[in-house]
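Breakdown of the fold
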Amino acid sequence: MEQIKIMTDSASDISAADEERYHISILPFKVALGGKSYTSRVDFDNDRFYELMRKYDEIPVTSQITPFEFQEIYLKEAREGVTDLILVLINSKGSATFDNSRMAVDLFFEEHPEYKGKIRIHNIDGMGYCSLYGGPVVEAAKMCENGASAAEIANYLKDILPKRQIYFGIYELKYAGRSGRIPTAAAFIGDKLNLKPVMKIYDNAITTAAKCRGEHNLITKMVSMTVADMEPGTPYEVICGCDTSCAEKTAQAMTEKTGYGPSAVYQIGAAVAANAGPKVAGVSFIRKSE
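Presented here is a report on the structure given in the accompanying data block. (Residues numbered from 1 in each chain as written. Predicted model: local features only at pLDDT ≥ 70, side-chain atom pairs only at ≥ 80, totals over all residues. Heavy atoms only, no water.)

**Describing the overall build of the chain**
- Counting secondary structure elements, the chain contains 11 helices and 13 strands.
- Against the globule reference of 19 Å for 290 residues, the chain gives a C-alpha radius of gyration of 19 Å, in line with a compact fold.
- Along the longest, intermediate and shortest principal axes, the C-alpha atoms of the chain span 60 × 45 × 30 Å.
- Sorting the 290 residues of the chain into buried and exposed places 53% on the buried side.
- Sequence separation of 24 or more characterises 74% of the internal contacts of the chain that already satisfy a separation of 6 or more.
- Total accessible area computed for the chain in this model is approximately 13200 Å², and 50% of it derives from carbon and sulfur atoms.
- Each charge class in the chain was averaged separately, 33 positive and 38 negative side chains, and the resulting centres sit 6 Å apart. (Helix = DSSP H or I, 4+ residues; strand = E, 2+ residues; numbered from the N terminus. Rg over C-alpha atoms; globule rule 2.2 N^0.38 Å. Buried < 20%, exposed > 50% of the residue type's maximum accessible area, 1.4 Å probe, protein only. Contact = heavy atoms within 4.5 Å. Areas by Shrake-Rupley, 256 points an atom, 1.4 Å probe, with all protein chains shown as cover. Lys, Arg positive; Asp, Glu negative; His and termini not counted. Charge placed at Lys NZ, Arg CZ, Asp CG, Glu CD.)

Structure follows, in C-alpha cells:
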C-alpha cells in the first residue's frame, strides 16, 4: 500500500492553516538580514519579517536548500515508511534548490541502496513562486486525502503547473532594483516618474508585462490583464503582502470582472518579499488554452 508524502518549500507561501489541515510538509529557507540568520516560518511569521525589512535598509538574502539537506530528508522519510515522496519546489530558473533535490536522489541511493525500490522520489519543478505552485500543492494534498495514487497526483502536478501564471504589481521598486529582478536604473527612473510595473511569472520566467502611473491604477491594470489571459470559469488565487487591503481590492475587482471570488488568498513570505518588496498585489490563475 502506498504511503504518500506531499512536500514543498516555504516560497510556496501556503498558509499555516492549510499546512496543518492537509498535512503538507514545508521546507523552510534560511534568510540573512541585519547581520543575523533566520529560518523562515520558524523564527518569524510574515508580519515579523515585514517588520525586519522595515528595520534594516538592505535586501534579505535567502539560501538554497542543499543536496546534503535533501539526502537527510530522503533518509528520514524512507525510515518512516514513505513509499512516494512528492516534492514540488521553487522555480528551477530562480534557485538551485530544485536541481539540488534531483542531484540528491542519486547520492541518497548510492549511500543507502537498501531503500531502492522502497521509496520513490518525485521531484517536480514548481515553475514559479507563491501560489503559482502553492495552489496546486494544496490541491495535490486534497487528492492524496481522497485516495488518489502517487502517479495520479504527480501527473496532475506535471499537467497543471505549465498552465499556471501570475500577474503581480510591485509598489516599492527599490527591492526589485537592488535584488536584480528589475535593473536598478529602471527602478530609480520608475520611482521618479511614479511608474509601477506589472510583473508576469510564467514558464520559469519573470518579465515586466506592463507599467502604469500611480498606485491607484496598479490593481485595475493587473486585474484587466489577468482576466484577458485567464481560462474563463477556472479558479484563481489572490496574492498580497504587508498591506492586506490590496487583497481585498484585488478580490473585489476580480469578482466584478469574473462573477466569482478567489479560491484562496496567499500572503507572500520571505522568499518572495526579499525580491519584490513587502507590498504587492497579484493574481495566480490558469492560462487560456493556446
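**Here we look at the sheet that holds strand E5 (residues 61–63)**
- Ordered by their spatial adjacency, 3 strands build an open sheet running E4-E3-E5, and the pairing between neighbours is antiparallel. Lying at the two open borders of the sheet, with one neighbouring strand each, are strand E4 (36–39) and E5. Strand after strand, the sheet turns through a mean of 30 degrees between neighbouring axes, direction not considered. (Pairing = 2+ DSSP bridges. Axes fitted to C-alpha atoms, helices over the stretch in contact; angles between N-to-C directions.)

**Structural notes on the packing of aromatic side chains**
- A full pass over the atoms with the stated rule returns 8 aromatic pairs.
- A connected cluster of aromatic rings, assembled from ring pairs, spans Phe70, Tyr74, Phe108, Phe109 and Tyr115.
- Over the face of the ring belonging to Tyr171 we find Lys279, whose NZ or CZ atom lies 4.5 Å from the ring centre.
- The ring of Tyr202 carries the charged tip of Arg287 above its face, separated from the ring centre by 3.9 Å. (Phe/Tyr/Trp six-rings, centres within 6.5 Å; stacked < 30°, edge-to-face > 60°. Lys NZ or Arg CZ within 6 Å of the ring centre and 35° of its normal.)

**Some words on empty space enclosed by the protein**
- Enumeration over the complete set of coordinates arrives at 1 cavity of 30 Å³ or more.
- Estimates place the volume of the largest cavity at around 180 Å³.
- Lining the largest cavity are 14 residues, and of these Tyr129, Phe168, Ile201, Val272 and Ala276 lie nearest its centre.
- Of all the elements in the fold, those that place two or more residues in the lining of the largest cavity are strand E8 (164–170), strand E9 (195–202) and helix H11 (270–276).
- Broken down by element, the lining of the largest cavity gets its largest block of residues, 4 residues, from H11. (1 Å grid on protein atoms, 1.4 Å probe; cavity = no way out; pocket = protein on both sides within 12 Å on 5 of 7 lines; lining within 4 Å. Points joined across faces, edges and corners; volume = space filled by probe spheres on them.)

**Structural notes on helix H10 (residues 245–258)**
- Here H10 spans 20 Å end to end across 14 residues, near enough to the 20 Å set by a 1.5 Å rise per residue.
- Considered for burial, the residues of H10 that qualify are Cys246, Ala247, Thr250, Ala251, Ala253 and Met254. For H10, the angular spread of the buried residues around the axis is 170 degrees, confining them to a single face. Exposed residues pointing more than 90 degrees away from the buried face of H10 are listed as Glu248, Lys249 and Glu256.
- Buried positions along H10 lie against helix H9 (218–229), strand E11 (237–240), strand E12 (264–267) and strand E13 (280–286).
- Positive phi appears at Gly259, one or two residues downstream of H10, with a value of about 90 degrees. (Expected span 1.5 Å × (residues − 1). Arc of directions from axis to C-beta.)

**Some points on unusual backbone geometry**
- The backbone phi angle of His23 is positive, close to 55 degrees, even though this residue is not glycine.
- Secondary-structure assignment places His23 in the loop between helix H1 (16–21) and strand E2 (25–27).
- In the Ramachandran plot, Arg41 falls in the positive-phi region, its phi being about 70 degrees despite a non-glycine side chain.
- Tracing the backbone shows Arg41 in the loop between E4 and helix H2 (46–55).

**Observations regarding helix H4 (residues 97–111)**
- Helix length check: H4 (15 residues) gives 21 Å between terminal C-alpha atoms against 21 Å at 1.5 Å per residue, within 8%.
- Three or more residues of H4 are buried, namely Thr97, Phe98, Asn100, Ser101, Ala104, Val105, Phe108 and Phe109.
- Buried residues along H4 sit in contact with helix H3 (67–79), strand E6 (84–89) and strand E7 (120–125).

**With respect to the nonpolar core**
- Counting 76 residues, the largest nonpolar core has Phe49, Phe70, Tyr74, Phe108 and Ile119 as the members making the most contacts within it.
- Top contributing element to this core by residue count: helix H5 (residues 131–145), with 6 residues.
- The contact partners of Phe108, leaving out residues within four places of it in the chain, are Gln71, Tyr74, Leu75, Ala78, Tyr115, Ile119 and Ile121.
- Membership of the second largest hydrophobic core comes to 22 residues, among which are Tyr167, Val198, Met222 and Met230. (Core = buried A, V, L, I, M, F, W, Y, C linked by side-chain atoms within 4.5 Å.)

Just distances and angles here, no functional claims.
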